[in-house]
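These are the residues of each chain, in order.
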Amino acid sequence: MLVSPHRTQRPWQGQTEDTAAPATLAYDPTCYLCPGNARAGGAQTPKYTSTYVFENDYAALKPDLPAASADIGDAGLLRAEVERGVCRVLCFSPRHDLTLAKMEVADIRLVVDEWARQTEELGGREDISYVQVFENRGAMMGASNPHPHGQIWATESIPNEPTLELAAQNAYLADHGKCLLCTCRDIELAQRERIVAENDAWIALVPFWAVWPFEILVLPKRHVASLTEFTDTERDLFAAMLRRVTSGYDRVFDTSFPYSMGLHGAPSDGAEHPAWHFHAHFYPPLLRSATIRKFMVGFELLGSPQRDLTPELAAEALRRAFARAS
Ligand SMILES: [Zn+2]
Ligand SMILES: [Zn+2]
Ligand SMILES: [Zn+2]
(Lines give C-alpha, C1' and ligand atoms only; values in the text may rest on other atoms or scores of the structure.)
(Ligands and ions follow the chains in the order given, each with its own letter.)
Protein backbone atom coordinates (compact mmCIF):
# COMPACT_ATOMS: atom_id res chain seq x y z
CA MET A 1 0.00 0.00 0.00
CA LEU A 2 1.57 3.28 -1.14
CA VAL A 3 0.52 6.34 0.94
CA SER A 4 1.25 9.81 -0.52
CA PRO A 5 -0.23 12.48 1.78
CA HIS A 6 1.65 15.28 -0.06
CA ARG A 7 -0.69 14.81 -3.03
CA THR A 8 -3.98 15.67 -1.29
CA GLN A 9 -4.01 19.25 -2.63
CA ARG A 10 -3.67 18.27 -6.26
CA PRO A 11 -6.34 19.92 -8.48
CA TRP A 12 -9.15 17.81 -9.87
CA GLN A 13 -10.22 18.36 -13.47
CA GLY A 14 -11.60 14.92 -14.12
CA GLN A 15 -14.91 13.21 -14.01
CA THR A 16 -17.63 14.07 -11.53
CA GLU A 17 -20.74 11.97 -11.18
CA ASP A 18 -24.37 12.90 -10.87
CA THR A 19 -25.80 12.13 -7.47
CA ALA A 20 -28.99 10.13 -7.71
CA ALA A 21 -31.79 11.83 -5.79
CA PRO A 22 -32.71 9.72 -2.77
CA ALA A 23 -35.93 7.73 -3.04
CA THR A 24 -38.73 9.68 -1.42
CA LEU A 25 -41.72 7.36 -1.90
CA ALA A 26 -42.45 4.81 0.84
CA TYR A 27 -44.03 2.67 -1.89
CA ASP A 28 -43.08 2.78 -5.57
CA PRO A 29 -45.56 1.01 -7.89
CA THR A 30 -42.78 0.41 -10.47
CA CYS A 31 -40.30 -1.15 -7.96
CA TYR A 32 -40.10 -4.94 -8.20
CA LEU A 33 -38.91 -5.18 -4.58
CA CYS A 34 -41.83 -3.23 -3.08
CA PRO A 35 -44.47 -5.45 -1.40
CA GLY A 36 -47.18 -6.77 -3.71
CA ASN A 37 -45.47 -5.84 -6.98
CA ALA A 38 -44.71 -8.07 -9.97
CA ARG A 39 -41.08 -8.91 -10.75
CA ALA A 40 -39.60 -9.21 -14.22
CA GLY A 41 -39.91 -12.85 -15.19
CA GLY A 42 -43.44 -13.08 -13.81
CA ALA A 43 -42.88 -13.76 -10.08
CA GLN A 44 -44.84 -11.75 -7.54
CA THR A 45 -43.28 -10.09 -4.46
CA PRO A 46 -45.65 -10.82 -1.55
CA LYS A 47 -47.04 -8.12 0.74
CA TYR A 48 -44.22 -8.61 3.26
CA THR A 49 -44.08 -6.43 6.38
CA SER A 50 -40.54 -6.99 7.70
CA THR A 51 -37.61 -8.60 5.83
CA TYR A 52 -38.16 -10.75 2.74
CA VAL A 53 -35.84 -13.26 1.01
CA PHE A 54 -36.20 -14.78 -2.45
CA GLU A 55 -34.05 -16.61 -4.98
CA ASN A 56 -32.59 -14.13 -7.48
CA ASP A 57 -34.67 -14.26 -10.67
CA TYR A 58 -31.45 -13.80 -12.68
CA ALA A 59 -29.10 -15.87 -10.50
CA ALA A 60 -25.37 -15.87 -11.36
CA LEU A 61 -25.11 -19.28 -9.70
CA LYS A 62 -27.36 -22.31 -9.96
CA PRO A 63 -27.52 -25.30 -7.59
CA ASP A 64 -28.72 -28.09 -9.87
CA LEU A 65 -25.83 -28.68 -12.25
CA PRO A 66 -23.83 -31.88 -12.70
CA ALA A 67 -20.23 -31.76 -11.48
CA ALA A 68 -17.93 -31.42 -14.46
CA SER A 69 -14.52 -30.13 -15.36
CA ALA A 70 -12.52 -29.88 -18.53
CA ASP A 71 -8.94 -29.15 -19.46
CA ILE A 72 -8.54 -26.76 -22.34
CA GLY A 73 -5.44 -27.32 -24.37
CA ASP A 74 -2.24 -28.67 -22.93
CA ALA A 75 -0.86 -29.43 -19.46
CA GLY A 76 -3.79 -28.30 -17.33
CA LEU A 77 -2.97 -24.60 -17.79
CA LEU A 78 -6.53 -23.63 -18.68
CA ARG A 79 -9.12 -25.46 -16.65
CA ALA A 80 -12.92 -25.04 -16.58
CA GLU A 81 -15.02 -26.30 -13.67
CA VAL A 82 -18.72 -26.20 -12.91
CA GLU A 83 -19.41 -23.98 -9.88
CA ARG A 84 -22.71 -24.67 -8.16
CA GLY A 85 -24.35 -22.19 -5.85
CA VAL A 86 -27.34 -20.15 -4.79
CA CYS A 87 -28.10 -16.41 -5.18
CA ARG A 88 -30.74 -14.82 -3.00
CA VAL A 89 -31.99 -11.29 -2.54
CA LEU A 90 -32.85 -9.97 0.92
CA CYS A 91 -35.13 -6.94 1.21
CA PHE A 92 -34.18 -5.12 4.41
CA SER A 93 -37.53 -3.37 4.76
CA PRO A 94 -40.88 -3.04 2.95
CA ARG A 95 -40.26 0.72 2.87
CA HIS A 96 -38.85 1.84 -0.51
CA ASP A 97 -37.47 5.12 0.86
CA LEU A 98 -35.32 3.74 3.69
CA THR A 99 -31.63 2.79 3.87
CA LEU A 100 -29.74 1.07 6.69
CA ALA A 101 -28.77 4.60 7.75
CA LYS A 102 -32.42 5.56 8.17
CA MET A 103 -33.82 2.32 9.60
CA GLU A 104 -34.53 1.78 13.30
CA VAL A 105 -31.86 -0.31 15.06
CA ALA A 106 -34.57 -2.84 16.03
CA ASP A 107 -35.40 -3.32 12.33
CA ILE A 108 -31.71 -3.65 11.36
CA ARG A 109 -31.53 -6.35 14.05
CA LEU A 110 -34.12 -8.31 12.03
CA VAL A 111 -31.81 -8.02 9.00
CA VAL A 112 -28.89 -9.31 11.11
CA ASP A 113 -31.04 -12.25 12.24
CA GLU A 114 -31.95 -13.06 8.63
CA TRP A 115 -28.25 -12.93 7.61
CA ALA A 116 -27.51 -15.40 10.41
CA ARG A 117 -30.42 -17.67 9.37
CA GLN A 118 -29.29 -17.66 5.74
CA THR A 119 -25.67 -18.32 6.75
CA GLU A 120 -26.79 -21.25 8.88
CA GLU A 121 -29.16 -22.75 6.29
CA LEU A 122 -26.97 -22.36 3.20
CA GLY A 123 -23.71 -23.02 5.06
CA GLY A 124 -25.21 -26.25 6.39
CA ARG A 125 -25.60 -27.65 2.89
CA GLU A 126 -23.20 -30.28 1.58
CA ASP A 127 -22.72 -28.43 -1.71
CA ILE A 128 -21.90 -25.02 -0.15
CA SER A 129 -18.45 -24.00 1.18
CA TYR A 130 -18.95 -20.27 1.56
CA VAL A 131 -21.87 -17.92 2.19
CA GLN A 132 -21.16 -14.34 1.09
CA VAL A 133 -23.58 -11.71 2.42
CA PHE A 134 -23.22 -8.27 0.79
CA GLU A 135 -24.93 -5.01 -0.09
CA ASN A 136 -24.23 -2.70 -3.01
CA ARG A 137 -25.53 0.69 -2.00
CA GLY A 138 -26.07 3.45 -4.55
CA ALA A 139 -26.03 3.68 -8.34
CA MET A 140 -22.27 4.42 -8.26
CA MET A 141 -21.76 0.90 -6.89
CA GLY A 142 -24.06 -0.66 -9.44
CA ALA A 143 -27.17 -1.03 -7.29
CA SER A 144 -29.95 -1.29 -9.85
CA ASN A 145 -32.74 -0.38 -7.44
CA PRO A 146 -32.77 2.10 -4.50
CA HIS A 147 -35.07 -0.18 -2.48
CA PRO A 148 -33.04 -1.23 0.62
CA HIS A 149 -31.79 -4.71 -0.15
CA GLY A 150 -28.72 -6.91 -0.16
CA GLN A 151 -27.67 -10.21 -1.61
CA ILE A 152 -26.53 -13.61 -0.44
CA TRP A 153 -24.35 -15.64 -2.78
CA ALA A 154 -23.45 -19.12 -1.59
CA THR A 155 -20.82 -21.08 -3.50
CA GLU A 156 -19.52 -24.60 -3.78
CA SER A 157 -15.90 -23.41 -3.48
CA ILE A 158 -14.42 -20.71 -1.25
CA PRO A 159 -14.07 -17.49 -3.30
CA ASN A 160 -10.75 -15.66 -3.75
CA GLU A 161 -10.95 -13.01 -0.99
CA PRO A 162 -11.94 -15.38 1.83
CA THR A 163 -9.36 -17.89 0.55
CA LEU A 164 -6.60 -15.27 0.93
CA GLU A 165 -7.93 -14.16 4.32
CA LEU A 166 -8.09 -17.76 5.52
CA ALA A 167 -4.46 -18.38 4.48
CA ALA A 168 -3.31 -15.13 6.17
CA GLN A 169 -5.20 -15.84 9.40
CA ASN A 170 -3.97 -19.46 9.52
CA ALA A 171 -0.36 -18.39 8.88
CA TYR A 172 -0.49 -15.68 11.57
CA LEU A 173 -1.92 -18.10 14.13
CA ALA A 174 0.72 -20.70 13.26
CA ASP A 175 3.60 -18.17 13.48
CA HIS A 176 2.49 -16.16 16.53
CA GLY A 177 0.14 -18.42 18.45
CA LYS A 178 -2.59 -15.79 18.43
CA CYS A 179 -5.33 -14.44 16.17
CA LEU A 180 -4.42 -11.85 13.51
CA LEU A 181 -7.54 -9.70 13.96
CA CYS A 182 -7.51 -10.00 17.80
CA THR A 183 -3.97 -8.59 17.56
CA CYS A 184 -5.17 -5.77 15.28
CA ARG A 185 -8.01 -5.06 17.73
CA ASP A 186 -5.53 -4.71 20.61
CA ILE A 187 -3.27 -2.37 18.62
CA GLU A 188 -6.21 -0.21 17.53
CA LEU A 189 -7.73 -0.01 21.04
CA ALA A 190 -4.34 0.97 22.46
CA GLN A 191 -3.62 3.60 19.76
CA ARG A 192 -7.17 4.87 19.07
CA GLU A 193 -5.96 6.71 15.96
CA ARG A 194 -7.96 4.79 13.39
CA ILE A 195 -11.07 3.87 15.42
CA VAL A 196 -14.16 5.78 14.28
CA ALA A 197 -16.86 4.20 16.48
CA GLU A 198 -17.06 1.78 19.38
CA ASN A 199 -19.65 0.08 21.56
CA ASP A 200 -19.44 -2.71 24.16
CA ALA A 201 -19.11 -5.49 21.56
CA TRP A 202 -17.84 -3.89 18.33
CA ILE A 203 -15.32 -1.41 16.94
CA ALA A 204 -15.34 0.31 13.55
CA LEU A 205 -11.98 1.47 12.22
CA VAL A 206 -10.15 2.56 9.11
CA PRO A 207 -7.75 -0.33 8.59
CA PHE A 208 -4.03 0.49 8.46
CA TRP A 209 -4.06 -1.20 5.03
CA ALA A 210 -7.20 0.57 3.72
CA VAL A 211 -7.32 0.93 -0.08
CA TRP A 212 -10.49 3.02 -0.39
CA PRO A 213 -10.35 6.57 1.07
CA PHE A 214 -13.08 5.99 3.68
CA GLU A 215 -12.89 2.22 3.97
CA ILE A 216 -14.12 0.80 7.29
CA LEU A 217 -13.61 -2.55 8.97
CA VAL A 218 -16.21 -3.51 11.60
CA LEU A 219 -14.73 -5.92 14.11
CA PRO A 220 -16.30 -7.76 17.05
CA LYS A 221 -14.28 -7.36 20.24
CA ARG A 222 -14.73 -11.06 21.01
CA HIS A 223 -13.04 -13.76 18.90
CA VAL A 224 -16.03 -15.23 17.04
CA ALA A 225 -15.89 -16.97 13.65
CA SER A 226 -19.42 -16.61 12.36
CA LEU A 227 -22.52 -14.44 12.69
CA THR A 228 -24.41 -17.52 13.87
CA GLU A 229 -22.30 -17.64 17.06
CA PHE A 230 -23.05 -14.16 18.37
CA THR A 231 -25.17 -13.63 21.49
CA ASP A 232 -28.41 -11.69 21.45
CA THR A 233 -26.69 -8.63 22.89
CA GLU A 234 -23.87 -8.83 20.33
CA ARG A 235 -26.42 -8.96 17.50
CA ASP A 236 -28.22 -5.91 18.92
CA LEU A 237 -24.94 -4.05 19.18
CA PHE A 238 -23.95 -5.10 15.64
CA ALA A 239 -27.23 -3.63 14.36
CA ALA A 240 -26.49 -0.44 16.31
CA MET A 241 -22.96 -0.30 14.84
CA LEU A 242 -24.25 -0.78 11.28
CA ARG A 243 -26.68 2.10 11.85
CA ARG A 244 -23.88 4.26 13.25
CA VAL A 245 -21.50 3.55 10.36
CA THR A 246 -24.07 4.06 7.59
CA SER A 247 -25.63 7.18 9.11
CA GLY A 248 -22.15 8.58 9.82
CA TYR A 249 -21.13 7.92 6.21
CA ASP A 250 -24.12 9.96 5.03
CA ARG A 251 -22.70 13.01 6.83
CA VAL A 252 -19.22 12.86 5.28
CA PHE A 253 -20.34 14.69 2.13
CA ASP A 254 -23.98 15.18 3.17
CA THR A 255 -25.10 12.71 0.53
CA SER A 256 -26.46 9.17 0.62
CA PHE A 257 -23.01 7.51 0.77
CA PRO A 258 -22.49 4.70 -1.76
CA TYR A 259 -20.59 1.57 -0.78
CA SER A 260 -20.15 -2.15 -1.15
CA MET A 261 -20.50 -3.80 2.24
CA GLY A 262 -19.95 -7.46 3.01
CA LEU A 263 -19.72 -9.86 5.92
CA HIS A 264 -16.76 -12.20 6.17
CA GLY A 265 -17.48 -15.18 8.38
CA ALA A 266 -15.60 -18.47 8.43
CA PRO A 267 -16.02 -20.85 5.47
CA SER A 268 -18.68 -23.55 5.83
CA ASP A 269 -16.66 -26.25 4.10
CA GLY A 270 -16.90 -28.72 6.99
CA ALA A 271 -13.43 -27.92 8.37
CA GLU A 272 -12.68 -26.19 11.69
CA HIS A 273 -11.38 -22.63 11.32
CA PRO A 274 -10.04 -21.58 14.74
CA ALA A 275 -7.99 -18.73 13.22
CA TRP A 276 -11.00 -17.04 11.59
CA HIS A 277 -12.26 -13.81 13.17
CA PHE A 278 -15.60 -12.53 11.85
CA HIS A 279 -15.65 -9.00 10.40
CA ALA A 280 -17.52 -6.72 8.00
CA HIS A 281 -15.95 -4.59 5.24
CA PHE A 282 -17.29 -1.29 3.95
CA TYR A 283 -15.74 -0.22 0.62
CA PRO A 284 -17.04 3.25 -0.37
CA PRO A 285 -15.82 4.77 -3.65
CA LEU A 286 -16.11 8.51 -2.81
CA LEU A 287 -12.90 10.52 -2.50
CA ARG A 288 -13.37 14.28 -2.31
CA SER A 289 -17.06 15.11 -2.56
CA ALA A 290 -20.45 13.60 -3.29
CA THR A 291 -19.51 13.47 -6.98
CA ILE A 292 -15.77 12.80 -7.05
CA ARG A 293 -14.81 9.18 -6.66
CA LYS A 294 -11.59 7.27 -6.46
CA PHE A 295 -10.57 5.28 -9.51
CA MET A 296 -8.46 2.15 -9.35
CA VAL A 297 -6.31 2.76 -12.42
CA GLY A 298 -2.73 2.95 -13.64
CA PHE A 299 -0.22 2.08 -10.95
CA GLU A 300 -3.02 0.71 -8.78
CA LEU A 301 -4.05 -1.80 -11.44
CA LEU A 302 -0.51 -2.60 -12.47
CA GLY A 303 1.54 -2.08 -9.34
CA SER A 304 0.07 -1.52 -5.87
CA PRO A 305 -2.89 0.39 -4.44
CA GLN A 306 -2.12 4.01 -3.57
CA ARG A 307 -3.88 6.60 -1.43
CA ASP A 308 -3.33 10.30 -0.75
CA LEU A 309 -5.44 10.58 2.40
CA THR A 310 -3.78 8.69 5.25
CA PRO A 311 -5.96 6.21 7.15
CA GLU A 312 -5.47 8.33 10.29
CA LEU A 313 -6.76 11.51 8.58
CA ALA A 314 -9.65 9.57 7.05
CA ALA A 315 -10.54 8.29 10.54
CA GLU A 316 -10.45 11.85 11.88
CA ALA A 317 -12.79 13.06 9.11
CA LEU A 318 -15.10 10.11 9.74
CA ARG A 319 -15.18 10.78 13.50
CA ARG A 320 -16.20 14.39 12.78
CA ALA A 321 -18.95 13.20 10.41
CA PHE A 322 -20.14 10.54 12.85
CA ALA A 323 -20.45 13.18 15.58
CA ARG A 324 -22.91 15.06 13.35
CA ALA A 325 -25.00 11.94 12.60
CA SER A 326 -28.15 11.13 14.51
ZN1 LIG B 1 -39.29 -0.55 -3.59
ZN1 LIG C 1 -9.65 -13.10 16.91
ZN1 LIG D 1 -12.55 -9.90 5.03
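Residues numbered from 1 in each chain as written. Chains lettered and ligands numbered in written order. Predicted model: local features only at pLDDT ≥ 70, side-chain atom pairs only at ≥ 80, totals over all residues. Heavy atoms only, no water.

**Some details on the sheet that holds strand E11 (residues 259-264)**
Point 1. One open sheet accounts for nine strands, arranged E2-E5-E7-E6-E11-E12-E10-E9-E8; its pairing is antiparallel. Lying at the two open borders of the sheet, with one neighbouring strand each, are strand E2 (52-55) and strand E8 (195-198). Between one strand axis and the next, the sheet turns through 20° on average, direction left out of account.
Point 2. In this sheet, strand E5 (residues 85-91) lies alongside E2 in antiparallel orientation, the contact comprising four bridges. Looking at the pairing, Tyr52 lines up with Cys91 of E5.
Point 3. Relative to the sheet, helix H6 (residues 311-324) contacts E8 and strand E10 (216-220), its axis offset from that of E8 by approximately 35°. (Pairing = 2+ DSSP bridges. Helix = DSSP H or I, 4+ residues; strand = E, 2+ residues; numbered from the N terminus. Axes fitted to C-alpha atoms, helices over the stretch in contact; angles between N-to-C directions. Contact = heavy atoms within 4.5 Å.)

**Examining the side chain of Glu114**
Point 1. For Glu114, the location among the structural elements is in helix H1 (residues 105-123).
Point 2. Given the relative accessible area of 9%, Glu114 is considered buried.
Point 3. Each residue touching Glu114, except ones within four places of it in the same chain, is listed here: Thr51, Val53 and Leu90. (Buried < 20%, exposed > 50% of the residue type's maximum accessible area, 1.4 Å probe, protein only.)

**Focus: the environment of Leu318**
Point 1. Its place among the elements puts Leu318 in helix H6.
Point 2. Measuring from C-alpha to C-alpha, the distance between Leu318 and Thr19 comes to 20 Å, with 299 residues separating the pair along the chain.
Point 3. Aside from chain neighbours lying at most four places away, what touches Leu318 is Val196, Val206, Phe214, Ile216, Tyr249 and Val252.

**Notes on helix H3 (residues 180-191)**
Every α-helix winds through 3.6 residues per turn, so residues three or four apart in the chain are directed the same way.
Point 1. Spanning twelve residues, H3 covers 17 Å between terminal C-alpha atoms, matching the ideal 16 Å at 1.5 Å per step.
Point 2. For H3, every residue scored as buried is listed here: Leu181, Cys182, Thr183, Cys184, Arg185 and Glu188.
Point 3. Here the buried face of H3 lies against helix H2 (160-176), E8, strand E9 (202-205), E10 and strand E12 (279-283).
Point 4. Taken from the residues just after H3, Arg192 is the one with a positive phi, measuring 60°. (Expected span 1.5 Å × (residues − 1).)

**A closer look at the coordination of the zinc ion (ligand 3)**
Point 1. Within the protein, the atoms that donate to the zinc ion (ligand 3) are Glu165 (OE), Glu165 (OE), His264 (ND1), His279 (NE2) and His281 (NE2), at distances of 2.0 to 2.3 Å.
Point 2. On the basis of relative accessibility, which here comes to 7%, the residue His264 falls in the buried class.
Point 3. Note on His281: relative accessible area 9%, which makes it buried. (Donors = N, O, S within 2.8 Å, 3.2 Å for Na, K, Ca; no water.)

**Re the coordination of the zinc ion (ligand 1)**
Point 1. Taken together, Cys31 (SG), Cys34 (SG), His96 (ND1) and His147 (ND1) make up the protein donors of the zinc ion (ligand 1), found 2.0 to 2.3 Å from the metal.
Point 2. Metal-centred angles of 104 to 116° between the four donor atoms at the zinc ion (ligand 1) mark the site as tetrahedral.
Point 3. When the donors of the zinc ion (ligand 1) are listed by position in the chain, the intervening gaps give C-x2-C-x61-H-x50-H. Highlighted residues: Cys34 in the loop between strand E1 (2-3) and E2 and His96 in the loop between E5 and H1, separated in sequence by 62 residues. The exposure classification of Cys34 matches that of His96, with both residues buried. (Tetrahedral: all angles 85-135°; square planar, octahedral: opposite > 155°, others 65-115°.)

**Focus: the pattern of salt bridges**
Point 1. Counted under the stated rule, the structure contains 23 salt bridges.
Point 2. In this structure, the salt-bridge partner of Arg185 is Asp186, at a minimum N-O distance of 3.0 Å.
Point 3. Here Asp254 ties to Arg251 by a salt bridge, and the two come within 3.1 Å at their closest N and O atoms.
Point 4. For Asp254, a relative accessible area of 52% gives the class exposed.
Point 5. Taken together, the shared-partner salt bridges in this structure form one network comprising Arg109, Asp113, Asp232, Arg235 and Asp236. (Salt bridge = Lys/Arg side-chain N within 4 Å of Asp/Glu carboxyl O.)

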